[in-house]
Amino acid sequence: MTKTTIITSCKGRLTHLAQSVATWLRATPAPIIIVSDGCPELSAPWSAVLHAPRIKICMTEADIDSDFSKPRALNYGVTESETDHVLFLDADTLLMTGFWDWYAPRVAEDALFMVAPSPERRDLTGVLGCWTPSFLAVGGYDTGMVGWGSEDLDLRLRLFLTQHPRVIEIPPDLLTSLPHPDTLRTRYYSEKDKMASHHRNLQRLVDSAERITGQSIWSLMADPAVGRMFGHGLGPEWRGE
């Protein structure tokens with residue numbers, strides 16, 4: 001059976017991460033890589049749950065005063081992985097009993113796992129499972145995405161457009177997220193307005209998709225399979241309508 005590594009990042013979210021990792025350890029047999037991107041909490045003694053044998057904690061070269069870069073952290077995590085499949089989870093993602101029984105048999109070279117977009121599941125956009133060589137083939141997460149938002153949408157769109165995977169939606173009853181305020185989302189970004197950075201990063205996503213395909217993003221989204229990558233994440237309000 002294909003082996004999977006769970007990869008996550010952390011900067012100032014250790015309380016949530018400890019709760020989440022406890023569920024990952026219960027719900028899966030997978031090794032877990034936690035990447036500190038200048039996290040002030042992970043440079044201190046770690047909580048007991050993060051000392052499990054399956055957990056590897058590593059650090060990027062970012063320091064505590066640097067802006068958090070989720071793309072940088074997750075890309076680094078993949079370089080530390082030794083499996084041919086990776087599952088990216090956010091620090092606030094909880095896995096339910098039964099997740100692995102559903103997930104593991106479906107892992108394949110041509111599979112792309114995601115949570116179907118919806119207003120109720122916005123906090124699960126960061127959940128993404130893919131073949132490691134496919135991830136590397138598209139260059140991983142775009143480190144030009146600065147601040148909060150869009151890096152996950154961008155990666156799954158580039159994977160879809162260039163690697164042509166089967167998109168598999170994870171049932172929503174198999175995972176959930178811990179609620180938290182926007183102040184935590186933007187705490188380690190220079191830009192505190194999350195929608196400002198989100199819109200800037202969306203423009204970068206659009207430019208990338210159009211460069212890859214030679215088509216406008218709106219032509220691409222006329223295909224329901226492309227539109228399902230976004231849900232309501234790239235709607236008329238983004239065009240200023």
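(A) The arrangement of helix 7 (residues 194-213) in detail. Taking 1.5 Å as the rise per residue, helix 7 with 20 residues should run 28 Å; its terminal C-alpha atoms sit 28 Å apart, in good agreement. For helix 7, the set of buried residues is Lys-194, Ser-197, His-198, Asn-201, Leu-202, Leu-205, Val-206, Ser-208 and Ala-209. Elements that come into contact with the buried residues of helix 7 comprise helix 5 (151-163), helix 6 (182-185) and helix 8 (217-220). Sitting at the amino-terminal end of helix 7 is Asp-193, which places a side-chain oxygen 3.1 Å from the backbone nitrogen of Met-195. The positive-phi residue at the C-terminal boundary of helix 7 is Gly-214, with phi of around 75 degrees.

(B) The arrangement of the pattern of salt bridges in detail. On inspection of all chains with the given rule, the structure shows twelve salt bridges. Where Asp-154 meets Arg-158, a salt bridge forms, and the shortest distance between an N and an O atom there is 2.9 Å. In this pair, Asp-154 and Arg-158 are both assigned in helix 5, four residues apart and thus about one turn of the helix distant. The same class applies to Asp-154 and to Arg-158, which are both buried.

(C) Just the sheet that holds strand 8 (residues 166-169), in detail. An order of 3-2-1-4-7-6-8 is seen for the seven strands of this open sheet, with the pairing classed as mixed. Because the sheet does not close on itself, it has two edges, and the strands there are strand 3 (55-59) and strand 8. Between one strand and the next, the sheet's axes are offset by a mean angle of 20 degrees, whatever the strand orientation. Relative to strand 7 (residues 128-131), strand 6 (residues 111-114) runs antiparallel, the two sharing two bridges.

(D) Broad picture of the confidence of the model for the protein. Per-residue pLDDT for the protein averages 89, and the proportion of residues at 70 or more is 91%. In this model, residues 236-241 is a region of pLDDT below 50 whose contacts with residues beyond four sequence positions or in other chains number eight contacts.

(E) View of the nonpolar core. Ranked by size, the top nonpolar core spans 36 residues in total, and within it Leu-17, Val-21, Ile-34, Leu-50, Ile-55, Tyr-103 and Ile-170 carry the most contacts. Elements with a contribution of two residues or more to this core: strand 1 (4-10), helix 1 (14-27), strand 2 (32-36), strand 3, helix 3 (99-103) and strand 6. Within the second largest apolar cluster, 34 residues are counted, among which are Ile-7, Val-78, Phe-160 and Leu-205.

(F) Quick look at the packing of aromatic side chains. Scanning the model with the defined rule gives nine aromatic pairs in all. For the ring pair Tyr-103 and Phe-113, a centre distance of 4.2 Å and an interplane angle of 40 degrees mean the geometry is tilted. Highlighted residues: Tyr-103 in helix 3 and Phe-113 in strand 6, separated in sequence by ten residues. Here the two residues Tyr-103 and Phe-113 agree in accessibility, since each one is buried. Ring-pair connections join several aromatic residues into one group, and the members of that group are Phe-99, Trp-100, Trp-102, Tyr-103 and Phe-113.

(G) Seen up close, the state of the cysteines. Scanning the entire structure with this criterion turns up zero disulfides. For the unlinked cysteine Cys-130, the closest cysteine sulfur is that of Cys-58, found at 17 Å. Cys-130 sits in the buried class, given a relative accessible area of 2%.

(H) Representation of unusual backbone geometry. For Ser-150, which is not glycine, the phi dihedral falls at a positive 85 degrees. Mapped onto the elements, Ser-150 comes out in the loop between helix 4 (132-137) and helix 5. The backbone phi angle of His-164 is positive, close to 55 degrees, even though this residue is not glycine. With respect to the element layout, His-164 can be found in the loop between helix 5 and strand 8.

What counts, and where the lines are drawn
- Residues numbered from 1 in each chain as written.
- Predicted model: local features only at pLDDT ≥ 70, side-chain atom pairs only at ≥ 80, totals over all residues.
- Heavy atoms only, no water.
- Helix = DSSP H or I, 4+ residues; strand = E, 2+ residues; numbered from the N terminus.
- Expected span 1.5 Å × (residues − 1).
- Buried < 20%, exposed > 50% of the residue type's maximum accessible area, 1.4 Å probe, protein only.
- Contact = heavy atoms within 4.5 Å.
- Polar contact = N/O pair within 3.5 Å; in protein donor to acceptor, adjacent residues only side chain to side chain.
- Salt bridge = Lys/Arg side-chain N within 4 Å of Asp/Glu carboxyl O.
- Pairing = 2+ DSSP bridges.
- Axes fitted to C-alpha atoms, helices over the stretch in contact; angles between N-to-C directions.
- pLDDT = per-residue confidence, 0-100.
- Core = buried A, V, L, I, M, F, W, Y, C linked by side-chain atoms within 4.5 Å.
- Phe/Tyr/Trp six-rings, centres within 6.5 Å; stacked < 30°, edge-to-face > 60°.
- Disulfide = S-S within 2.5 Å.

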